[in-house]
Amino acid sequence: MTSAPAELPRKAGDLRAAGYVPRSIKAEIRDNLLKELRAGRDPWPGIVGFTRTVIPQLERALLAGHDVVLLGERGQGKTRLLRTLVGLLDEWTPVIEGAELPEHPLDPITPASRRRAAELGDDLPVAWLHRNLRYAEKLATPDTSVGDLIGDVDPVKVAEGRSLGDPETIHFGLVPRSHRGIVAINELPDLAERIQVALLNVMEERDIQVRGYTLRLPLDVLLVATANPEDYTNRGRIITPLKDRFGAEVRTHYPLDIEAEVDVIRQEAEFTAEVGEPLLEVLARFVRHLRESTSIDQRSGVSARFAVAAAETIAAAALRRSAITGEEPAVARPVDLEAVPAVLRGKLEFEPGEEGREIELLEYLLRRSVADTARERFAGLDLSPLAHAIADGNLVTTGERVPGRDVLAALPELPVLHDVAARAGVEPNDSSGRIAAAIELALEMLYLSKRVAKDADNDTTVYGA
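What counts, and at which threshold
Residues numbered from 1 in each chain as written. Predicted model: local features only at pLDDT ≥ 70, side-chain atom pairs only at ≥ 80, totals over all residues. Heavy atoms only, no water. Helix = DSSP H or I, 4+ residues; strand = E, 2+ residues; numbered from the N terminus. Buried < 20%, exposed > 50% of the residue type's maximum accessible area, 1.4 Å probe, protein only. Contact = heavy atoms within 4.5 Å. Core = buried A, V, L, I, M, F, W, Y, C linked by side-chain atoms within 4.5 Å. Salt bridge = Lys/Arg side-chain N within 4 Å of Asp/Glu carboxyl O. Pairing = 2+ DSSP bridges. Axes fitted to C-alpha atoms, helices over the stretch in contact; angles between N-to-C directions. Parallel < 35°, antiparallel > 145°, perpendicular 65-115°, else oblique. Left-handed = near helix turned anticlockwise from the far one by under 90°. Nonpolar A, V, L, I, M, F, W, Y, C, P; charged D, E, K, R; others polar. Polar contact = N/O pair within 3.5 Å; in protein donor to acceptor, adjacent residues only side chain to side chain. Arc of directions from axis to C-beta. Phe/Tyr/Trp six-rings, centres within 6.5 Å; stacked < 30°, edge-to-face > 60°.

Take the side chain of histidine 289 next. As for its position among the elements, histidine 289 is in helix 12 (residues 277–292). On the basis of relative accessible area, histidine 289 is assigned to the buried category, the value being 10%. Residues within four places of histidine 289 in sequence aside, it is in contact with Leu365, Arg368, Ser369 and Asp372.

This part is about the nonpolar core. If you look at the biggest cluster of nonpolar residues, it comprises 65 residues, and the most contacted ones within it are Leu290 and Leu386. The set of elements that each furnish at least two residues to this core consists of helix 11 (258–268), helix 12, helix 13 (304–325), helix 14 (340–344), helix 15 (358–377), helix 16 (384–391), helix 18 (415–423) and helix 19 (432–446). Take this core: its biggest share by element is nine residues, from helix 13. The residues contacting leucine 290, other than those within four sequence positions of it, are Ile296, Gln298, Val302, Phe306, Leu348, Leu362 and Leu365. Judged by nonpolar contacts, the second largest core, of 30 residues, contains Leu149, Ile195, Met203 and Ala227.

Another aspect to go through is the pattern of salt bridges. As enumerated under the stated definition, the model contains 25 salt bridges in all. Between arginine 80 and glutamate 268 there is a salt bridge; the shortest N-O distance is 2.8 Å. On the criterion of sequence distance, the pair formed by arginine 80 in helix 4 (residues 78–83) and glutamate 268 in helix 11 is long-range, its members being 188 residues apart. By relative accessible area, glutamate 268 is classed as partly exposed at 29%. Taking the shortest distance from any N to any O, the salt bridge between glutamate 281 and arginine 285 comes out at 3.6 Å. With glutamate 281 and arginine 285 both in helix 12, this residue pair falls four residues apart, about one helical turn. What you see here is one network of salt bridges that share partners, running through Arg23, Asp31 and Asp90.

With respect to topology, five strands assemble into an open sheet ordered 4-7-10-1-11, the strand pairing being parallel. The sheet is open, and its two edges are formed by strand 4 (135–139) and strand 11 (248–251), each paired on a single side. Direction aside, the axes of adjacent strands within the sheet are offset by 20° on average. Each of strand 7 (181–186) and strand 10 (221–227) touches helix 2 (residues 25–38); the most contacted strand, strand 10, lies at about 75° to it.

For any two helices packed against each other, the geometry is given by the interaxial angle and the distance between the axes. One way to put it is that helix 11 packs onto helix 12 with a least axis distance of 9 Å and a crossing angle of 115°. By the angle class used here, helix 11 and helix 12 are roughly perpendicular. The two elements helix 11 and helix 12 cross, and the hand of that crossing is right-handed. Listed contacts from helix 12 to Ile258, Glu261, Val262, Ile265 and Arg266 of helix 11 are Glu277, Leu280, Glu281, Leu283, Ala284, Arg285, Val287, Arg288 and Arg291. The residue makeup of the contact of helix 11 with helix 12, split by class, is seven nonpolar, no polar and seven charged.

Along the chain, the position of threonine 252 falls in the loop between strand 11 and helix 11. The exposure class of threonine 252 is buried, given its relative accessible area of 5%. A distance of 2.7 Å separates polar atoms of two side chains, one belonging to threonine 252 and the other to glutamine 76. The residues touching threonine 252, leaving out its near neighbours within four places in the chain, are Phe50, Val54, Leu70, Leu71, Gly72, Gln76 and Lys78.

Time to look at helix 3 (residues 54–63). Taken together, the buried positions of helix 3 are Val54, Ile55, Leu58, Glu59, Ala61 and Leu62. The buried residues of helix 3 all sit within an arc of 160° when viewed along its axis, so they share a single face. Contacts made by the buried residues of helix 3 are with helix 2, strand 1 (68–71), helix 4, strand 10 and strand 11. Positive phi appears at glycine 65, one or two residues downstream of helix 3, with a value of about 75°.

For the rest of this paragraph, the subject is the packing of aromatic side chains. Summed over all chains, the structure comprises two aromatic pairs. Relative to tryptophan 128, the ring of tyrosine 20 lies with its centre 5.5 Å away and its plane at 65°, an arrangement referred to as edge-to-face. Here the residue tyrosine 20 occupies a position in the loop between helix 1 (12–17) and helix 2, and tryptophan 128 occupies one in strand 3 (residues 126–130), the gap between them amounting to 108 residues. Note on tryptophan 128: relative accessible area 10%, which makes it buried. Plain terms: the ring middles of phenylalanine 286 and phenylalanine 306 are 5.9 Å apart, the flat faces sit at 55° to each other, and that makes the pair tilted.

So, in structure tokens, the structure goes:
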């Protein structure tokens, strides 16, 4: 991270002379959000599929100055959305240099900082805090303590001679240390109820209570949280008084269309080989079929991370196949989809009674997704010349040890093959791997319910056998 610009004020007097006025965190976010909206800029970089649904609700909540809880199943981008809030903070904000909390030099809140401000006046030293350091994130776990979030008595300070009733004996927790910043709590219902109770005063009265006495600190924090729907987990719930403190509850969702699902995969996946648009569409449809299946526990949900992991898996399968066959570049083909069910079935929760059928179910839905994608891509295209060519004895063998050039060599020169490639977004002079990927997609559709021979020993599939 770069250091603060040298021209920024370094003393409280200079800060005051420059016209700096303390603003609450919620006012700061509101002002910056309005600035982005008026300029026509997107305040939510990297957020896909929420433009007309979640984003307007969240923006209204922030403009209203509300603390927010995002409610939705796993893998819907809740945490990523909260992390983008950092972009709505000022890039640099002044703090009292050496203070325990990030207090504004013109508005100190702790007894120690108030004493320093009174003693030093305009000479109070000023440091500058980058916005990335004003966002704190905590994963709620059952063992989280009040001390972790709010604070506790520091035995070292007591040993130094301070009395237990002295507010300066407190070691501050995450929330006070996020003064003038954002506190994000993931999976809020997992917090024990007594810990949730400790947040009530922070959210309403903005003070903290530790070990039987109250320290009045006008804390300035935006509290945001994520939670799964109450019927998703039996581990806990948000207690009613705390839920009432949140000004807004925003429901998230999975991508609503194939295009958005593909955009999420492309944005999040780290590919080790080339994966074409048609195969990304297959995976997007596969995930959507899983979310509609009665064999999958929909209370658990099917995370967007499943599709991302699937895309990375087929890219890895293509890279492995490239190393085995020596074919470059490494390009994913439909044959690589066979690696997905066995590798990723552990990321899904199946309904009771489906034991032993998991792989069979996944393979069925995956082939259905391939067929749906092929029908969409090749709609109106007459594939009968390709079917006739195979029926005349031009059997096509594919597998992890079969390079794309062998797939092409098995077929005669047919004009329809150029049309198939074009529909798949492949140029006529592209690599044999890319063209073979398009042809295999067409073959999968043609032979979905026809003659396909599987050779388990050689890991091959023969179309027309």
